[in-house]
Amino acid sequence: MSYSLGIDSSTQSCSALIIDVERGTVVAEAAVNFGAQLPQYNAPSGFIPDGENGEVHSDPRMWLDALEILLEQLSGKCDLSKVRAISGAGQQHGSVYLNDQWFEAVGSLESNRSLSEQLTPTFSRATSPIWMDSSTGEECREIAAAVGGDDIVCAKSGSIAIERFTGPQIRRFYKNDPSAYEETARIHLVSSFLCSVLIGGDAAIDTGDGAGMNLVNINAWEWDAELLDATAPGLLEKIPAVKSGDAIAGNLGDYFVNKYGFSADIPVTIFTGDNPSSLVGMGASQPGKLVVSLGTSDTFFAAMPHVVADPAGCGHVFGNPVQGSMSLQCFVNGSLAREAVKDRFGYDWDQFTEAFVNTASGNDGKLMLPFYSPETSPRIDLTDPVLKGSDAFENWQEADAAVRACVEGQFLNMKQRTAWMGLHPEVIYLTGGASKNNAIAQVIADIFQTRVERLAVSSSVGLGAAMRAACNSLGKNIAELEAVFCQPDSKSAMTPQVDPEVYEIASKEFERVLAEIIGANN
Ligand code: XUL
């Protein structure tokens, strides 16, 4: 019996799945919603509302309690003594601050008391900033200035200094509460914190999640001395080692063996970030496939054949937990922009989809910069889209053309902004809510001139964690696991249907208008 457990501690919930790697089946799944099941932490959506100055924090005890409820649920669904490998993932960038009691406390957890009760005295900061926190603009500028500019931060760490990244968050803590910073003996990411708890020791940070800190050098995959210095004094002593995603953190601690019926000596692979884990769970951890996730914002990520950073400073480079590196780029104006155009004309989703039948690829030259809110890829501060075409179109009098222009604009932009990755994928895996829409999928196939497939994987983060654990501890290889667990729905594949020239022309025009608007805004 070869069961592998993957845990996903995300923003709103903690979930897990157990796979049977021999039979190729998912044996059990469970999830704990923070807001609904742990209301005492005042976090209906997983974070404490109404933070000041862009602060968004969560209580780390909530993540511990959720882990316990989750394992309790799982133990009711399946015999946990059959689990032979474990790993997990956490929401990226969030950080947990611990005092010098941490090392002793995490190593001597008693199974008759809860994790949160025993670890509460070890927090040197009661709450944890998470990825939604945008309070660190000043710290980002200071870090960039200290090392010689954003270009240097980006070339070193794979991303410019960004508000939600952990380094700027640490710097803000150091500036605002120097004595609490001084008392901090260890700073973990959500991922490495939970992994530490599982092994009853101090776990390393993996290169996937570590690269979301603005502290890891992506050429050496080690802490970067200059970035550490620019962030806060004495930081190297306060952070764990950084290791590649195939490292074993240790064996599962007695706490979990005694309390939930796991077997002794089960290896735990170091945890990673949710996006790197999803890359694995989507079956895209080898170069050649890329993933486009269509959500509130759209995300584009791919395994990279080489380490390369975005010269425009919009994208990110993370370690690929299977091997090498991965890229990730976020587009703020995703579903919200599609919805805004739909709503403007009082359309429902069927009418939205019908608009593509009524208009031609390339939209007769009518185009839209589809930015309803400030965009990060590219960095542009618009709160209304820009339309170019006929007078009627520019005055929002052509509903169907506006719908097409919005979607074409989104993916012309995505293709151009991700060109720095130098990828020539054989397939794009589409996921997220809007991925089911055939009209949108067709536009993506046509603009990227690449086959598009939809995957049926619903919890790719947990699955990716279980697959990584199975590779590292059960002698499986990733290709075998992908063939079983990450099968695209081949009936839903879309292939390019238009002459590539149509979108080459549209792309040039899009870039020309974009440059004009950026120029006018500066
Ligand atoms: C990625 C990011 C989010 C978090 C939460 O940079 O901030 O995707 O990982 O999911």
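Here, residues in each chain are numbered from 1, in the same order as that chain's written sequence. Restriction of local features to residues with pLDDT of at least 70 applies here, the model being predicted, together with a cutoff of 80 or more for giving and counting side-chain atom pairs; totals for whole chains, interfaces and linings are based on all residues. The side-chain values count all of the structure's non-hydrogen atoms but skip hydrogen atoms and water molecules.

A.B. asks: Can you walk me through the nonpolar core in this structure?
C.D. replies: It is characteristic of soluble globular proteins that their nonpolar side chains tend to be buried jointly. In this structure, Trp223, Val292, Phe411, Ile444 and Met467 are the most contacted members of the largest nonpolar core, which totals 113 residues. Sorting elements by how many residues they give to this core places helix α18 (residues 399-417) first, with ten residues. Setting aside its immediate chain neighbours within four residues, Met467 contacts Ile19, Val280, Gly281, Ile478, Leu481, Glu482, Phe485 and Cys486. Membership of the second largest hydrophobic core comes to 53 residues, among which are Ile7, Tyr41, Ile199 and Tyr255. Take the buried Ala, Val, Leu, Ile, Met, Phe, Trp, Tyr and Cys residues and link them wherever side-chain atoms come within 4.5 Å; each set so joined is a nonpolar core. Type-normalised accessible area, obtained with a 1.4 Å probe on protein chains alone, sets the label of each residue: buried when under 20%, exposed when over 50%, and partly exposed for intermediate values. Here a helix means four or more residues in a row that DSSP labels H or I, a strand means two or more in a row labelled E, and each is numbered from the N terminus. When checking whether two residues touch, look at their non-hydrogen atoms; a contact exists if any pair is within 4.5 Å.

A.B. asks: Help me out: how do you make sense of the sheet that holds strand β16 (residues 289-294) in this one?
C.D. replies: Backbone-to-backbone hydrogen bonds pair the strands of a sheet. The strands run either parallel or antiparallel. A pair of strands counts as paired when DSSP detects no fewer than two bridges linking them. Strand order in the open sheet formed by seven strands is β18-β19-β17-β16-β24-β25-β26, and the pairing between neighbours is mixed. With one partner strand each, in any of the chains shown, β18 (316-319) and β26 (488-494) form the two edges of the open sheet. Pairs of neighbouring strands in the sheet enclose a mean axial angle of 30°, with direction left out of account. Pairing geometry for β16 and strand β17 (residues 298-304), over five bridges, is antiparallel. Across the sheet, the residue bridging to Val292 is Phe300, located in β17. Contacts from helix α14 (residues 274-281) reach β17, β18 and β19 (325-331), with the element oriented near 70° to β17. Here, axes are lines fitted to C-alpha atoms. For helices the fit covers the stretch in contact, and angles between N-to-C directions go from 0 to 180 degrees.

A.B. asks: What is the right way to look at the pattern of salt bridges in this model?
C.D. replies: Note on pairing: side chains with opposite charge can pair once their charged atoms come close. Counted as salt bridges are all cases of a side-chain nitrogen of Lys or Arg within 4 Å of a carboxyl oxygen of Asp or Glu. For the structure on display, the rule yields 24 salt bridges. Put simply, Glu398 and Lys366 hold a salt bridge, and the shortest N to O gap is 2.8 Å. With a gap of 32 residues between them, Glu398 in the loop between α17 (391-394) and α18 and Lys366 in the loop between α16 (349-357) and β20 (367-369) connect regions that are remote in the sequence. Where salt bridges share partners, they join Glu138, Glu139, Glu142, Arg171 and Lys175 into one cluster.

A.B. asks: What exactly am I supposed to notice about empty space enclosed by the protein here?
C.D. replies: Over the atoms rolls a probe the size of a water molecule, and in doing so it shows where empty space is left. For cavity detection a 1 Å grid was placed over the protein atoms alone, and a set of points counts as a cavity when a 1.4 Å probe fits there but cannot get out; an open set counts as a pocket when protein lies on both sides within 12 Å along at least five of seven lines, with lining residues being those that have an atom within 4 Å of a point. Grid points are joined across faces, edges and corners, and a volume is the space filled by probe spheres set on the points. Here the structure, examined in full by the defined rule, presents one cavity of 30 Å³ or more. Residue lining of the largest cavity: Asp298, Phe331, Asn333, Pro370, Phe371, Glu375, Gln410, Asn413 and Met414, and that is the complete set. Per-element tally for the lining of the largest cavity: the top contributor is α18, with three residues. Tallied by class, the residues present in the lining of the largest cavity amount to four nonpolar, three polar and two charged. Under the scheme applied, nonpolar residues are Ala, Val, Leu, Ile, Met, Phe, Trp, Tyr, Cys and Pro; charged residues are Asp, Glu, Lys and Arg; polar residues are all the others, including Gly.

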